[in-house]
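# Structure assessment
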Amino acid sequence: MPLKPSDAAHVRNLSLFRSASDQTFERAITGAFLQKFPAGTTLLMEGDSVDFLYILLEGSVELGAGWKSRDTTLAVLRPVSTFILAAVVLDADALMSAVTLERSEILMVPGESLRRAMKEDAEFCFAVSEELAGCYRGLVRSIKNQKLRDSTERLANYLLTQRAQQGGKTEIVLPHEKRVLASLLGMSPENLSRAFSKLQAQGVTVVGAQVRLDKTAALERFARPSLLIDNHYAQPRNELGKAYTERQKGLLDREPGV
């Protein structure tokens, strides 16, 4: 559906558009529209030409890829998140597929409109660069997590992240089904079950999607979280993008006791 004035006002506050002039904003969203998708909708496949920048406003989206008979989950996005931004800036094909995990509302911004606005407004171009930088740093964290830790250590740090994001509770809820979680952490469902079993000594018990963490200190000793890999802090929903998340992470790293 075309953008209503109320939706346009909401979009105006997103990090990408906040510093843009009114004229640039109008150019950037020329042809943009909001679309609601049911769970399980394939938004694009890797190798597809990318005509739109996607901005997730509600719901969740799984980014993935495949090769031969293998498939993997690269990321699971929550609002507010941009995706396929690099492909849009380069006017290149998608390197990832994107599928909705639940009913989702997505703003679709024509790539041509976005690129034209970037060329005409330095402030807007810088905002896009910041978002790309935030996404890049998140990717580096993910690669380090996959390369430097074994599967049980990855799971332990994932649970600590979820604990922080769910208010520091002793009992947390896994936000994804275990198939998605296993793929996200780079393991098979069977290896995920074994990793949970290994963490029982650190006070971790799991029943369905419910996970109880009875020995947080022991779990932290085992996980050995790193400021240069992890985001073990509460990240409330915000509309300020990946650059904001990375900046907040840096500020928290410098605060004593955080």
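Residues numbered from 1 in each chain as written. Predicted model: local features only at pLDDT ≥ 70, side-chain atom pairs only at ≥ 80, totals over all residues. Heavy atoms only, no water.

### Remarks on the overall build of the protein chain
Within the protein chain one finds eleven helices and eleven strands. A compact globule built from 258 residues would reach a C-alpha radius of gyration of about 18 Å, and the protein chain, at 19 Å, matches this within 12%. Seen through its principal axes, the protein chain has C-alpha atoms that stretch 60 × 45 × 30 Å. Evaluated residue by residue, the protein chain yields a buried proportion of 43% over its 258 residues. For the protein chain, restricting intrachain contacts to residue pairs at least 6 apart in sequence, the fraction spanning at least 24 positions comes to 73%. On the protein chain, roughly 13,500 Å² of surface is accessible, and the fraction owed to carbon and sulfur atoms is 53%. Charged side chains in the protein chain number 33 positive and 31 negative. The centres of these two groups are separated by 7 Å. (Helix = DSSP H or I, 4+ residues; strand = E, 2+ residues; numbered from the N terminus. Rg over C-alpha atoms; globule rule 2.2 N^0.38 Å. Buried < 20%, exposed > 50% of the residue type's maximum accessible area, 1.4 Å probe, protein only. Contact = heavy atoms within 4.5 Å. Areas by Shrake-Rupley, 256 points an atom, 1.4 Å probe, with all protein chains shown as cover. Lys, Arg positive; Asp, Glu negative; His and termini not counted. Charge placed at Lys NZ, Arg CZ, Asp CG, Glu CD.)

### Section: the sheet that holds strand S9 (residues 171-173)
If you trace the three strands from one edge of the open sheet to the other, you get S9-S11-S10, paired in antiparallel fashion. Pairing within the sheet leaves two strands with one partner each, and these edge strands are S9 and strand S10 (204-207). Averaged over neighbouring strand pairs, the angle between their axes works out to 25° when direction is ignored. (Pairing = 2+ DSSP bridges. Axes fitted to C-alpha atoms, helices over the stretch in contact; angles between N-to-C directions.)

### Description of the environment of Thr 82
Position of Thr 82 among the secondary structure elements: in strand S6 (residues 81-83). Spatially, the C-alpha atom of Thr 82 lies 9.1 Å from that of Cys 135, the residues being 53 residues apart in sequence. In contact with Thr 82, not counting residues within four places along its chain, are Leu 16, Leu 53, Tyr 54, Ile 55, Leu 77 and Glu 131. Reaching out from Thr 82, the side chain makes a polar contact with the side chain of Glu 131 at a distance of 3.1 Å. (Polar contact = N/O pair within 3.5 Å; in protein donor to acceptor, adjacent residues only side chain to side chain.)

### With respect to the pairing of strand S7 (residues 97-100)
Sheet analysis places strand S2 (residues 42-44) next to S7, joined by two bridges and oriented antiparallel. The residue of S7 that forms the bridge with Leu 44 is Ala 98. Bridge count for strand S4 (residues 61-67) against S7 is four bridges, and the pairing is antiparallel. Paired with Leu 63 across the bridge in S7 is Ala 98.

### Remarks on the pattern of salt bridges
This model, assessed by the stated rule, comprises twelve salt bridges. A salt bridge links Glu 112 to Arg 115; the shortest N-O distance between them is 3.4 Å. Linking Glu 112 with Arg 115, this pair stays in helix H5 (residues 111-120), spanning three residues, or about one helical turn. The class for Arg 115 is buried, based on a relative accessible area of 14%. (Salt bridge = Lys/Arg side-chain N within 4 Å of Asp/Glu carboxyl O.)

### Some thoughts on the side chain of Thr 100
By the element assignment, Thr 100 lies in strand S7. A distance of 2.9 Å separates a polar side-chain atom of Thr 100 from the backbone nitrogen of Thr 41.

### Quick word on helix H1 (residues 5-12)
Turning to H1, its buried residues number three or more, namely Asp 7, Ala 8, Val 11 and Arg 12. Looking straight down H1, one finds that the buried residues subtend no more than 145° of arc, so they occupy a single side. Against the buried residues of H1 lie helix H2 (15-18), helix H3 (22-28), strand S1 (33-37) and strand S8 (104-110). (Arc of directions from axis to C-beta.)

### A short note on the sheet that holds S7
Ordered by their spatial adjacency, four strands build an open sheet running S2-S7-S4-S5, and the pairing between neighbours is antiparallel. Single-partner strands in this sheet number two, and they are S2 and strand S5 (70-77). Each strand of the sheet is rotated relative to its neighbour by a mean of 30°, with strand direction disregarded.

### Quick notes on a nonpolar patch on the surface
Together, Tyr 136, Leu 139, Val 140 and Ile 143 give the surface a local cluster of nonpolar side chains, amounting to about 380 Å² of exposed area. Mapped onto the secondary structure, Ile 143 falls in helix H6 (residues 122-148). (Patch = residues over 30% accessible without salt bridge, like charges linked within 9 Å, V, L, I, M, F, W, Y side chains within 5 Å.)

### A look at the confidence of the model for the protein chain
It should be kept in mind that the predicted coordinates are not to be read in detail where pLDDT is low. For the protein chain, the average pLDDT comes to 91, and 92% of its residues sit at 70 or higher. Contacts for the low-pLDDT stretch residues 254-258, under 50 throughout, to residues beyond four places or in other chains number one contact. (pLDDT = per-residue confidence, 0-100.)

### Focus: the nonpolar core
Residues Phe 17, Leu 43, Ile 55, Phe 83, Ile 106 and Phe 124 are the most contacted members of the largest nonpolar core, which totals 39 residues. In terms of residue count, strand S3 (residues 52-58) provides more of this core than any other element does, five residues in total. Ignoring any residue separated from it by four or fewer positions in sequence, one finds Leu 43 in contact with Phe 37, Tyr 54, Val 61, Phe 83, Ala 98, Thr 100 and Ile 106. Grouped together as the second largest cluster of nonpolar side chains are 23 residues, Ala 156, Ala 195, Leu 213 and Leu 219 included. (Core = buried A, V, L, I, M, F, W, Y, C linked by side-chain atoms within 4.5 Å.)

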